[in-house]
Structures are given as C-alpha cells and as structure tokens.
Amino acid sequence: MLISNLKMRTAIILSLAGLCFSGSFSAIQYFPIAQAQTPATTAKPTTEDLSIKMAQLSTSKTPDGIATLAYIWGFPLVTMERQFNYVTSPNVPPMPGRGPANSLSCVTQLVNASFTDVVSPNSDTLYCLTQFDLKKEPVVLVVPPINDRYYTFEFLDAYTNDYAYLGNRASGTTGGTYLIAGPDWNGQVPEGMTKIWTPTNLAWFINRILVKGPSDLPNVHAIQDKIVVKPLSAFQANTTSSLAPVTETNASKEVPIGPQPTLIAPTGIKIFDEIGAAMMGNPLSPPDPVLVTKLASIGIGPGKTPSTEANDTIKTALQNGITEGQKLIDAQVADFGTVNNGWLVNTQTGVYGTNYLFRAAVAQYGLGANIGQEAFYPVTFIDSQGKPLSGNSSYLIHFDPGQTPPVDGFWSVTMYNDKNLFVDNSINRYSIGQYTEGLKNNSDGSLDIFIQNKSPGPDKESNWLPSPEGSFNMVLRLYLPQPQALNGTWQLPLVQKVG
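The following paragraphs examine the structure supplied in this document. (Residues numbered from 1 in each chain as written. Predicted model: local features only at pLDDT ≥ 70, side-chain atom pairs only at ≥ 80, totals over all residues. Heavy atoms only, no water.)

1. Considering the overall build of the protein chain
Here is step 1 of the chain: Looking only at helices and strands, the protein chain has 11 helices and 20 strands in total.
Here is step 2 of the chain: Burial statistics for the protein chain: of 499 residues in total, 59% are counted as buried.
Here is step 3 of the chain: In the protein chain, once contacts between residues fewer than 6 apart in sequence are set aside, the share between residues at least 24 apart is 76%.
Here is step 4 of the chain: Here the protein chain displays about 19800 Å² of accessible surface, and carbon together with sulfur accounts for 52% of that area. (Helix = DSSP H or I, 4+ residues; strand = E, 2+ residues; numbered from the N terminus. Buried < 20%, exposed > 50% of the residue type's maximum accessible area, 1.4 Å probe, protein only. Contact = heavy atoms within 4.5 Å. Areas by Shrake-Rupley, 256 points an atom, 1.4 Å probe, with all protein chains shown as cover.)

2. Some words on the pairing of strand 2 (residues 125-133)
Remark: a regular strand shows side chains that alternate across the two faces of the sheet.
Here is step 1 of the chain: Within strand 2, nine of the nine residues are buried, which leaves the element mostly enclosed by the surrounding structure.
Here is step 2 of the chain: Where strand 2 and strand 8 (residues 202-210) come together, nine bridges link them in antiparallel fashion. By the bridge assignment for strand 8, Leu126 is matched with Ile209. (Pairing = 2+ DSSP bridges.)

3. Concerning the pattern of salt bridges
Here is step 1 of the chain: Applying the stated criterion across every chain yields a total of six salt bridges.
Here is step 2 of the chain: Among the ionic pairs, Glu154 bridges to Arg208, the shortest N-O distance being 3.0 Å. One end of the pair, Glu154, is in strand 4 (residues 151-157); the other, Arg208, is in strand 8, with 54 residues separating them in the sequence.
Here is step 3 of the chain: The partner of Glu374 in a salt bridge is Arg169, and the shortest N-O contact between them spans 2.6 Å. Separated by 205 residues along the polypeptide, Glu374 in the loop between helix 10 (356-366) and strand 12 (375-376) and Arg169 in the loop between strand 5 (162-167) and strand 6 (176-181) bring together distant segments of the chain.
Here is step 4 of the chain: By relative accessible area, Glu374 is classed as buried at 2%.
Here is step 5 of the chain: Classification of Arg169 by relative accessible area gives partly exposed; the value is 36%.
Here is step 6 of the chain: Residues joined by salt bridges that share partners form a network here, namely Asp148, Arg149 and Asp216. (Salt bridge = Lys/Arg side-chain N within 4 Å of Asp/Glu carboxyl O.)

4. Notes on the packing of helix 3 (residues 63-87) against helix 6 (residues 270-279)
Here is step 1 of the chain: Interaxial distance between helix 3 and helix 6 falls to 9 Å at its minimum, and their mutual angle equals 65 degrees. Along this stretch, helix 3 crosses helix 6, giving a crossing that reads as left-handed. Of the residues in helix 6, those touching helix 3 at Ala67, Ala70, Tyr71, Trp73, Gly74, Leu77, Val78, Glu81 and Arg82 are Ile271, Phe272, Glu274, Ile275, Ala278 and Met279.
Here is step 2 of the chain: Partitioned by chemical class, the residues of the contact of helix 3 with helix 6 number 11 nonpolar, one polar and three charged. (Axes fitted to C-alpha atoms, helices over the stretch in contact; angles between N-to-C directions. Left-handed = near helix turned anticlockwise from the far one by under 90°. Nonpolar A, V, L, I, M, F, W, Y, C, P; charged D, E, K, R; others polar.)

5. Looking at empty space enclosed by the protein
Here is step 1 of the chain: What the rule picks out here adds up to three cavities of 30 Å³ or more.
Here is step 2 of the chain: Counted as a void, the largest cavity has a volume near 70 Å³.
Here is step 3 of the chain: Val87, Gly97, Arg98, Gly99, Pro100, Ser103, Leu104, Ser105, Leu129, Thr130, Gln131 and Trp204 are the residues that line the largest cavity.
Here is step 4 of the chain: The element best represented in the lining of the largest cavity is strand 2, accounting for three residues. (1 Å grid on protein atoms, 1.4 Å probe; cavity = no way out; pocket = protein on both sides within 12 Å on 5 of 7 lines; lining within 4 Å. Points joined across faces, edges and corners; volume = space filled by probe spheres on them.)

6. Some details on helix 6
Here is step 1 of the chain: Judged by how many residues are buried, helix 6 sits mostly within the fold: seven of 10 residues are covered.
Here is step 2 of the chain: Of the residues making up helix 6, those classed as buried are Ile271, Phe272, Asp273, Ile275, Gly276, Ala278 and Met279.
Here is step 3 of the chain: The inward-facing, buried residues of helix 6 contact helix 3, helix 7 (289-297), helix 8 (306-309) and helix 9 (312-333).
Here is step 4 of the chain: Phi for Gly281, located one or two positions after helix 6, is positive at around 85 degrees.

7. Notes on the nonpolar core
Here is step 1 of the chain: Of all hydrophobic cores here, the largest spans 77 residues; its most connected members are Trp73, Leu141, Phe155 and Phe272.
Here is step 2 of the chain: Take this core: its biggest share by element is 12 residues, from helix 3.
Here is step 3 of the chain: With residues near it in sequence (within four places) discarded, Trp73 still touches Tyr159, Ile275, Met279, Leu284, Leu291, Leu295, Tyr356 and Arg359.
Here is step 4 of the chain: Grouped together as the second largest cluster of nonpolar side chains are 25 residues, Val423, Ile432, Leu476 and Ala485 included. (Core = buried A, V, L, I, M, F, W, Y, C linked by side-chain atoms within 4.5 Å.)

8. Digging into the packing of aromatic side chains
Here is step 1 of the chain: What the rule picks out here adds up to 18 aromatic pairs.
Here is step 2 of the chain: Summarising the aromatic geometry, the rings of Tyr150 and Tyr479 are spaced 5.2 Å apart at their centres and angled 55 degrees between planes, so their arrangement reads as tilted. In this pair, Tyr150 sits in the loop between strand 3 (139-143) and strand 4 while Tyr479 sits in strand 19 (residues 472-481), placing the two residues 329 residues apart along the sequence. Comparing Tyr150 with Tyr479 shows no difference in burial state: the two are buried.
Here is step 3 of the chain: Note on Tyr377 and Tyr479: the rings are 6.0 Å apart at their centroids and 90 degrees apart in plane angle, and the pair reads as edge-to-face. Note that Tyr377 is positioned in the loop between strand 12 and strand 13 (379-380) and Tyr479 in strand 19, a separation of 102 residues in sequence. (Phe/Tyr/Trp six-rings, centres within 6.5 Å; stacked < 30°, edge-to-face > 60°.)

9. Focus on unusual backbone geometry
Here is step 1 of the chain: For the bond running from Ser285 to Pro286, omega is 5 degrees, close enough to zero to count as cis.
Here is step 2 of the chain: Looking at the element boundaries, Pro286 is found in the loop between helix 6 and helix 7.
Here is step 3 of the chain: Its identity is not glycine, yet Asn420 carries a phi of approximately 60 degrees, on the positive side.
Here is step 4 of the chain: The topology assignment puts Asn420 in the loop between strand 15 (407-417) and strand 16 (431-433).
Here is step 5 of the chain: At Asn428, a position not held by glycine, the phi torsion is positive, near 50 degrees.
Here is step 6 of the chain: We classify Asn428 as exposed; its relative accessible area is 53%.

Written out as structure tokens, the structure is:
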C-alpha cells in the first residue's frame, strides 16, 4: 500500500479548509500553496514521537528549547499577520479577497480549469472575506436571511483558531446583525445587534455560500449583495461606503512580504521580532502565562526585537530554534491523518488548544481550516488496491442505497491533476455530487460515479467525473457532516478499478 507516501499524507493539507485549502481564493492569498519537502532517508517521526518531543519542549528551560517552542507557537501568528498586511495593502494589485481592513470582498465566479492561482480549488461555493482590525472599534456584520442553501461564516483569530461560526449549523437561516468586538472593547452593544467577542484584534472571516450550478450564480450574487460589513461608527452614521477602513492609510509604496509558508523560516531570527510585533493587541489564544514567561526569558514578547536586543548566545539559540522548529512542523505535516478505505482523513482542525505543533502544521499547509463539524475533506491518491490513481485506468465509486455521504449540508467529489488543479474536459465538469444536474441513481436506489478519461457513453455521462490522462487525486467534500461520518460509523467508499 502507498498510504505512507508523503505526497498522499500532504494532500489532506491541500484540501483542509475551503480556500486554498479547499476553495477558490486562498487564505495564503493567491500564492500556490507550498509543498512539503520530502524528509531525508532517516525514519519519519511518528505521532507519538512528536508528542513526546513537544512535551519535552514545553518543559524545557534551555534557550534552544524555548526558541524552538516559540517558533512553532508563533508560526501561525506570523502567517496571519503577514496575510493581513499583504491583502490590505493598497500597493498590492486588487483582486477578490483583497482590500482595506474591515471591508467585504466577494468572489463572484466559479473557477474552471484555466484557474491556476491556488491549488485544490472548488466548484461548490462562492466566497466573501473580511480582514478585521478591531483595535479602534468593533465592526458590524449584517447577514441576510439565507434559507434555501448551505452557507457559513467562519471566524478565525490571530492564532488561526476558529472562535465563532454563523450559518445553517451555528445560527440558523434567519440572518441577523452582529457586532464583531475585540478583546479590549467594553462598550454598550447597540440594540438589535448580537455581540461576537473576538479574542484578538486581528481576525478574519471566510464566508462560503453554496452554488447549485452555473445557472444559480445570480441567486448567490443577490445574497452577497445583501451582506454588509462596516465599522460601528460608519454603520451608525448610515454611510454608503462599506469599504471604510479602521486603520490609517499606509503612505508607503512598499509591497509587504506575502504569507507564503516557505518565506517564514528563511526570514531568520527577525521572525521573532515579527512575533513580538504581532503579539501587540493580540492576547494569547488560549492564554498561556507559563509560555509568556518562557518567551520573555529569551527576549521574545510584545514589541520586543530580539534580533537586535539579544546577546550572541541567545541569537544562536534563536536560529537553532527556527531550524529545529521547522523540522518538527514538516514532520507533523507528514504524519497528519488516518486512512479509511484509502482516503486520508483528519477531523481535528480548527480548535487547537495548546497543541501548537498541529496548529502550525495546519497554518503551513491549510490555513483557514474548518472544524470537522462544519466540513470534512477526505482525500485519496490510490484505488482500493493501494495503487496510484491514473487516467490510464477507469474507476467506479459505488454508494449502496442510503449510503451516500451523510450530510446536513451537501457533498461532492472533486477531481485534481498531479498539480492539484482542475482538469480540462469535454463537459466542463470538475466535481460531481449532490447538486450535479442530471445525476442518476440506479433502479435499486444505489449510485455509481464513473471516473475515467474518456466518456463512459451517453447513458452514463450524467454520472461521469472526467479524469486527466496522467496521475490524479480526488477530494470528497462533506459540508455539515453527520456524526457517523466523523466517528467512522459510515465507511468512505472504495475507489474500485474497473478497467
């Protein structure tokens, strides 16, 4: 079996969340997601090995150990800070998902095979995004009633924790007016608003709305047009602009460094200066006073610049911490999930507590990951015999009657080539699932999906998911998965080679 292959283990990361993660526009905005580097020929650490190592680091009193822990802990914080600075910069070319802080930016078109900006896109949902800066005042979000489709607003704090949700599962379909308030705001919540307390001043939401096919796009656009995001003062003044930023305009013409994971370690020990800067206004989430004391012992803290303030011994330890910390993050990526019928799965993303290594691994390769109760993304590179999926063969996914993915939202299977991009094909179909027009069940109520490079014939084309000529992988998306999907009671379908 090839399930231990690093490429397959890494693939789950490419489909974790919903933007560059599993969707159109990346949290790592518009940069191809970094691939994990294959480790050296030495044995890969196991989950147990990594847990032991992190336990040792948590009690370490040596500068090297503390620096390693600091790098791992701070990796998501720096990624979020860099993302915020990049996508809100006026010097970055405009694009959906970019714009001033505290404003709404929406994607209005489903992507096709010509789209190569990010890996593992989807053709199921459209997105709206907001980058929050809550230092000065709260921001108002108005959600219209959405009662005919799946939707969600996922809120992430500066440390990449999912701290709140709105949507079918979390808040229902009637909509509402919400006050997004930072950790230091103690004002009176205006009448008619529901407060969403945010643990950090830097935050982010990702809105996903189901598109039931190309003809449904105008209906989704109408929903997007009714979503409002404004700073509280602008909302109360009834201004017409939804783009009024809280932050001051940056007169610099410099383009901020992008949030690509591969650029963090090469920054060198100045990365700890970035961690210190990002800690300002962003209280630890979760609180960890022991960690704060440890970081301070080697000069890391809010507003601190250890790259210039530390002595040579500490500077050496800081660089060693980067090297060792990055090795551990990569090792966690390479041991990321479990295998079920050839599909690699992980349902533990989104809420990390003090599992700092796992949090860093998700930030590195799937920033913006949903919690499992909201969305579940199994991925496979192999058939039921453990052999790599290839366009030279034909495959069948069969669901017995009543055994299609158990969801309260919707499900789909998406096809990707060896670059994790959509596959150009004669019917312009990139995924197949619950809302595929014309999808046919068998006479006994079962469902067959035909996966192959050439058409299976007119009578089966309604259930055809075209594959490329070369190697490929597939992601099975389950939105609002029912408990049996998450606890393993429901078995993922085999990908059977049939020709």
